[in-house]
Amino acid sequence: MRRKTTAFYSLTVAAVLLFSACSVFAGTHNDETAAPITEPPLDTSAPTEAKTEKHTEPTAETTAEKQTEEAATRRETPSSVPVTQSPYPSGVEIDKGTTSKGFKITEKDGITYIDGIMIANKTYSVPSTYNPGRLAADCQAAFNEMKQSAAEDGCELYISSGFRSYTLQKSLYERYCARDGKAAADRYSARPGNSEHQTGYAIDLNTITYSFADTTEGKWVAANCYKYGFILRYPEDKESITGYRYEPWHIRYVGISLATDIYNSGLCLEEYFGITSRYE
Ligand SMILES: [Zn+2]
């Protein structure tokens, strides 16, 4: 009788232990399943061009900064643009004479046009309120056509930075000044209001690096972009005239006719029009 009781007791203890073990195991398993994922998920929404970017050389604008620009550019839609009363008389064209080369200078809504071309450089600024929110339609269409033609020649072109608002340019410029000092920053970054990117007619292509000039794409752009209405805005050895260091990645839309004339002249935009690019 005592042996039977002992045996029953042992069996019960064993059963309880087994049950407890199973509960602990099940509990641990559940905890693992419910544990938060600490690793960030893969960002499948990232643009494919970002993956192909290689920044192997020192560059005026680093990858991180450029990504910030891109993100900010993406956020900027016309719907988010605050409606601000312009201090300039809307739509009134003011005659400002002619350039040293005889091109007509006009001003409308605080923006200067030379021979009908919107100008933003160190001499001519655009109002902080000028905020189209995106590339101009003709510039975007010309880029799309150029991209298609380049692709047929085996070149992949993409926009790294297009339209940039006054506010975004202000934050970029201030960051560059803090990093490199004002004098150095002024050689590669426009002050807010003086950036050609604010006009909606400028595009930074592919990798924003000096090595872009030596790539198949960089050579293709230099040789062919005028056919689509673009000019290399800041050519090599023109810093004293344009006010900016050589930027093989920065193109400006001016239309096919003018782009072809400028390309054939070998002049930069300021030389061709007979205007300056200097902060007063
Ligand atoms: Zn640019």
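Everything numeric in this text was worked out from a predicted model, so none of it was measured. Just so you know, the residues in each chain are numbered from 1, in the order the chain's sequence is written. Thresholds applied to this predicted model are a pLDDT of at least 70 for local features of residues and 80 or more for the giving and counting of side-chain atom pairs; totals over whole chains, interfaces and linings are not thresholded and use all residues.

A. Main features of the confidence of the model for the protein chain. Confidence of the predictor at the level of single residues is given by pLDDT, which spans 0 to 100. Confidence in the prediction for the protein chain averages 80 pLDDT; 68% of positions are at 70 or higher. When the criterion is pLDDT under 50, residues 1-83 qualifies, and its contacts beyond four places in sequence or with other chains add up to 36 contacts. Contact between two residues is assigned whenever their backbone-derived C-beta positions fall within 7 Å.

B. Summary view of the pairing of strand E3 (residues 111-114). Burial along E3 is one-sided: Thr-112 and Ile-114 are buried, while Ile-111 and Tyr-113, pointing the other way, are not. Bridge count between strand E2 (residues 104-108) and E3: 4 bridges; the pairing is antiparallel. If you follow Lys-108 over to E3, its bridge partner there is Ile-111. Hairpin connection of E2 to E3: 2 residues between the antiparallel strands, including Asp-109 at a positive phi of 55°. Two strands make a pair as long as DSSP finds a minimum of two bridges between them. Here a helix means four or more residues in a row that DSSP labels H or I, a strand means two or more in a row labelled E, and each is numbered from the N terminus. Two elements, E3 and strand E4 (residues 117-119), share 3 bridges in a ladder whose sense is antiparallel. What sits directly across from Ile-114, in E4, is Ile-117. In this structure, the hairpin formed by E3 and E4 is closed by a connection of 2 residues, where Asp-115 is found at a positive phi of approximately 55°. In this scheme every C-beta is placed from the backbone, and a residue whose C-beta has 20 or more other C-beta atoms within 10 Å is buried, one with 12 or fewer is exposed, and one in between is partly exposed.

C. Structural context of unusual backbone geometry. Although it is not a glycine, Asp-115 adopts a positive phi angle of roughly 55°. Here the phi dihedral of Asp-237 falls at roughly 65°; this positive angle occurs in a residue that is not glycine. Structurally, Asp-237 is set in the loop between strand E7 (230-232) and helix H8 (239-242).

D. Inspection of the environment of Glu-280 at higher detail. Examined against the element boundaries, Glu-280 turns out to sit in the segment after helix H10 (269-273). For Glu-280, a count of 5 C-beta atoms within 10 Å puts it in the exposed group. Distance in space between the C-alpha atoms of Glu-280 and Thr-123 is 7.2 Å, their sequence separation being 157 residues.

E. Summary view of helix H5 (residues 166-180). For a helix, the expected span equals 1.5 Å multiplied by the residue count minus one. Compared with the 21 Å implied by 1.5 Å per residue over 15 residues, the 21 Å span of H5 between its first and last C-alpha is a close match. All buried positions along H5 are accounted for by Leu-168, Gln-169, Leu-172, Tyr-173 and Tyr-176. Considered in projection along H5, the buried side chains sweep an arc of 125° and stay on one side of the axis. Positive phi shows up at Gly-181, right after H5, with a value of about 90°. Each C-beta atom gives one direction from the helix axis, and the arc is the one those directions make.

F. Summary view of the nonpolar core. Core analysis: the biggest nonpolar cluster contains 38 residues, and Ala-142, Met-146, Cys-225, Phe-230, Ile-231 and Ile-251 have the highest contact counts within it. Taken together, the elements giving at least two residues each to this core come down to E4, helix H4 (137-152), strand E6 (202-205), E7, strand E8 (250-253), helix H9 (256-265) and H10. When residues of this core are assigned to their parent elements, the largest contribution, 5 residues, is made by H4. Each residue touching Ile-251, except ones within four places of it in the same chain, is listed here: Ile-203, Leu-205, Val-221, Cys-225, Phe-230, Ile-231, Leu-232 and Arg-233. By size, the runner-up hydrophobic cluster in this structure holds 6 residues, among which are Leu-172, Tyr-176, Ala-185 and Ala-190. Put simply, a nonpolar core is buried Ala, Val, Leu, Ile, Met, Phe, Trp, Tyr and Cys residues tied into one set by C-beta atoms within 7 Å.

G. Summary view of the sheet that holds E6. Ordered in space as E5-E6-E8-E7, the 4 strands form an open sheet in which the pairing is antiparallel. Each edge of the sheet is formed by a strand with only one pairing partner; in this case those strands are strand E5 (159-161) and E7. Taken over all neighbouring pairs, the strand axes of this sheet differ in orientation by 45° on average, direction set aside. Where E5 meets E6, 2 bridges bridge the pair, whose relative direction is antiparallel. The residue bridging Ser-161 from the neighbouring strand is Asp-204, located in E6. Lines fitted to C-alpha atoms define the axes here, with helix axes fitted over just the stretch in contact, and angles between the N-to-C directions of these axes take values from 0 to 180 degrees.

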